[in-house]
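Coordinate analysis (summary)
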Amino acid sequence: MTDRIRSVVPPYLLRAVADAPDDRFPRAATAARTALASLTEVQAPKHDTGRQVTLRAAAPDRSAQRTIADAHGSTSLPGTVVRREGDADTGDAAVDEAYAGLGATHAFWLEVFGRVSIDGAGLPLDATVHYGHDYDNAYWDGSRMVFGDGDGEVFRRFTIALDVIGHELAHGVTQYTADLTYQGQSGALNESVSDVFGSLVAQYAARQTAAQASWLIGEGLFTDAVHGVALRSMAAPGTAYDDPVLGKDPQPATMAHYVETTEDQGGVHINSGIPNHAFQLAAVAIGGNAWEGAGAVWWDALNAPETTTTIDFAGFAEVTVTAAGSRFGAGSREQGAVREAWQQVGVLS
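Our subject in this report is the structure included herewith.

A look at the overall build of the protein chain
Within the protein chain one finds ten helices and ten strands. For the protein chain, whose C-alpha radius of gyration is 19 Å, the value lies close to the compact-globule estimate of 20 Å for 349 residues. With the principal axes as the frame, the protein chain shows a C-alpha extent of 55 × 50 × 40 Å. A buried classification covers 57% of the 349 residues belonging to the protein chain. By element, 49% of the accessible surface of the protein chain is carried by carbon and sulfur atoms, the whole surface being about 13200 Å². The average position of the 23 basic charges and that of the 43 acidic charges among the side chains of the protein chain differ by 4 Å.

Below is the structure:
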């Protein structure tokens, strides 16, 4: 069965770029149309989910085992291998940023949660850079990371943002754990979990507390020609960009503005703003390092048997509240913060 790729740039934003007047973003409009087509054309390989996965060895290799390939502007995967684990910098920014980003993500999962690679069993981390011509996206295809170089008018190269790399690899982690169905609210949770852990990868690398973090996803991807700071804001969904050509960030921050749509797999990129905001509120309320507070709760919830593949927002919220009580104590300040966060975004009453 064909699965959809998990891409960081939502289709509604690509469509806005594709529809931009040719005198504003001529190169970007063409690139966005190509990227939109790829969302339905690319076939992700079949995979095992985490609840059926078999460990490769009793003691998997705990190193990152990175391999970076270069597509040289083609859409043929995997491309030519240009850097392997332990190799020196190549001088190609995209290659070296991808290598470093995979390493930082691997270190986060290993050092924070004791997870050896995204499958927990030492899965090698493969990536392809320079994919396509002016390709406006980065995605996880079920087995590897794929990075475009951007069009240079709207988007810069997609390897520059560590949280984007963390986001896409988190799709792999979800694939091997809860395997949340990529449709409707479970799909929006799938996207949100990737934003949560993508942000935490960047925070952990910078050793930022929840109060210090920007809570922006894809900060720096837009060129200076765009009126915007990032693809999404977890602290204030709906405010990441407001451009006269591309329009305004459509993400809702609460259930009061939940978007009912059949597009984008039932709004997986739009409505993810709601659980994103709940996580950010909980993380800041708990304080300290988010990966030790709310992040640990979300990780427990992602692995809980109650988190089914088709769970909705309310169901997942209840799982996180229970997980917070198990980790920090029933009636604890942390559990209260998690419950209140979901109440603030209108998911729990």
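Moving on from the coordinates now.
Some details on the pairing of strand β2 (residues 66-70)
When you tally the buried positions in β2, you get five out of five residues, the bulk of the element. Taking every second residue as pointing to the same face, both faces of β2 are buried, with R66, I68 and D70 on one and T67 and A69 on the other. Where β2 and strand β3 (residues 80-84) come together, four bridges link them in antiparallel fashion. Looking at the pairing, T67 lines up with R84 of β3.

Things to note about helix α3 (residues 93-113)
Compared with the 30 Å implied by 1.5 Å per residue over 21 residues, the 29 Å span of α3 between its first and last C-alpha is a close match. If you check the start of α3, you find a side-chain oxygen 3.0 Å away from the backbone N of A94, and it comes from D92. Directly beyond the C-terminal end of α3, a positive phi value near 65° is found at G114.

Side note on the packing of aromatic side chains
Following the criterion strictly, the structure yields 22 aromatic pairs and no others. Ring geometry for W109 against F113: centres 5.7 Å apart, planes inclined by 40°, an arrangement best described as tilted. One end of the pair, W109, and the other, F113, are both in helix α3, four residues apart, so they sit about a helical turn from each other. With respect to class, W109 is no different from F113; both count as buried.

Focus on the nonpolar core
Residues F197 and W342 are the most contacted members of the largest nonpolar core, which totals 100 residues. In contact with F197, other than residues within four places in its own chain, are F108, W109, F113, A170, G295, W298 and W299.

A closer look at the sheet that holds β3
Taken together, six strands build an open sheet; the order of strands is β1-β5-β6-β4-β2-β3 and the sheet is mixed. Two strands close off the open sheet at either side, each with one partner strand: β1 (6-7) and β3. Looking at chain direction, β2 and strand β4 (residues 125-129) are connected through five bridges and run parallel. Bridged to R66 within β4 is L125. Across the sheet, helix α4 (residues 162-175) touches β1, β5 (138-140) and β6 (145-147), and the angle it forms with β5 is around 20°.

Focus on the environment of Q175
Turning to its location among the elements, Q175 is positioned in helix α4. Each C-alpha atom of the pair Q175 and A225 lies 36 Å from the other, and the pair is 50 residues apart in sequence. Polar contacts involving the side chain of Q175 include one to the main-chain carbonyl oxygen of G142, which spans 3.3 Å.

Digging into helix α1 (residues 11-18)
Taken across its eight residues, α1 has seven buried, putting it largely inside the fold. Among the residues of α1, P11, Y12, L13, L14, A16, V17 and A18 are the ones counted as buried.

Cut-offs and rules
- Residues numbered from 1 in each chain as written.
- Predicted model: local features only at pLDDT ≥ 70, side-chain atom pairs only at ≥ 80, totals over all residues.
- Heavy atoms only, no water.
- Helix = DSSP H or I, 4+ residues; strand = E, 2+ residues; numbered from the N terminus.
- Rg over C-alpha atoms; globule rule 2.2 N^0.38 Å.
- Buried < 20%, exposed > 50% of the residue type's maximum accessible area, 1.4 Å probe, protein only.
- Areas by Shrake-Rupley, 256 points an atom, 1.4 Å probe, with all protein chains shown as cover.
- Lys, Arg positive; Asp, Glu negative; His and termini not counted.
- Charge placed at Lys NZ, Arg CZ, Asp CG, Glu CD.
- Pairing = 2+ DSSP bridges.
- Expected span 1.5 Å × (residues − 1).
- Polar contact = N/O pair within 3.5 Å; in protein donor to acceptor, adjacent residues only side chain to side chain.
- Phe/Tyr/Trp six-rings, centres within 6.5 Å; stacked < 30°, edge-to-face > 60°.
- Core = buried A, V, L, I, M, F, W, Y, C linked by side-chain atoms within 4.5 Å.
- Contact = heavy atoms within 4.5 Å.
- Axes fitted to C-alpha atoms, helices over the stretch in contact; angles between N-to-C directions.

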